[in-house]
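Structural features, examined
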Amino acid sequence: QVQLVESGGGLVQPGGSLILSCAASGNIFSIRAATWYRQTPGKQRELVATINNGGGTDYADSVKGRFTISRDNAVNTVYLQMNSLKPEDTAVYYCNARIVQKGRWSTEEYWGKGTTVTVSS
């Protein structure tokens, strides 16, 4: 079994910073790709940032230049550094990862339960 657990959310003032972590645990051979999404009430979940197996990254236009996604394969963790936060960044942030388990050939998709980020003065 594989689990994803997000952490690092909280309340921050506009212009502040937070680092979100997504720790994967279980029978993991490799994380192929990982993506951070966010969702606010009444809206669809939107892609924030993604990182592939080779370290290539992509970002939503709304966060380019402010957010940075990274990964530490040694500890199966993906991070989202969020700087210059704005009230419109307030959302529940979810981690998604495509993972290959040990002893298997297929890639499976997993989701964390989310961590809440609130940007407010």
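Use the structure listed above.
This report concerns the structure included in the present document. Keep in mind that this is a model prediction, so the values were computed, not measured.

Pairing between strand β4 (residues 28-39) and strand β5 (residues 46-51): five bridges, direction antiparallel. Following the sheet pairing, Thr35 is matched in β5 by Thr50. Adjacent in sequence and paired antiparallel, β4 and β5 are bridged by six residues, among which Gly42 carries a positive phi angle near 80°. Bridge count for β5 against strand β6 (residues 57-59) is three bridges, and the pairing is antiparallel. Directly across from Ala49, in β6, lies its bridge partner Tyr59.

Burial along strand β7 (residues 67-72) is one-sided: Phe67, Ile69 and Arg71 are buried, while Thr68, Ser70 and Asp72, pointing the other way, are not. Sheet analysis places β7 next to strand β8 (residues 77-82), joined by six bridges and oriented antiparallel. Bridge pairing in β8 links Thr68 to Gln81. In sequence, β7 turns back onto β8 through a hairpin of four residues, with Asn76 there showing a positive phi of about 50°.

Moving on, we come to the nonpolar core. In terms of nonpolar packing, the biggest core is built from 31 residues, with Trp36, Leu80, Met82, Tyr93 and Ile99 touching the most fellow members. Elements with a minimum of two residues in this core: β1 (2-7), β3 (18-26), β4, β5, β7, β8, β9 (91-101) and β11 (115-119). For this core, the element with the highest residue contribution is β9, accounting for five residues. What Tyr93 contacts, discounting residues up to four positions off in sequence, is Glu6, Leu20, Trp36, Tyr37, Arg38, Val48, Phe67, Leu80, Met82, Gly114, Thr115 and Val117.

Scoring rules and cut-offs
Residues numbered from 1 in each chain as written. Predicted model: local features only at pLDDT ≥ 70, side-chain atom pairs only at ≥ 80, totals over all residues. Heavy atoms only, no water. Pairing = 2+ DSSP bridges. Helix = DSSP H or I, 4+ residues; strand = E, 2+ residues; numbered from the N terminus. Buried < 20%, exposed > 50% of the residue type's maximum accessible area, 1.4 Å probe, protein only. Core = buried A, V, L, I, M, F, W, Y, C linked by side-chain atoms within 4.5 Å. Contact = heavy atoms within 4.5 Å.

In short, shape yes, function no, at least from these values alone.
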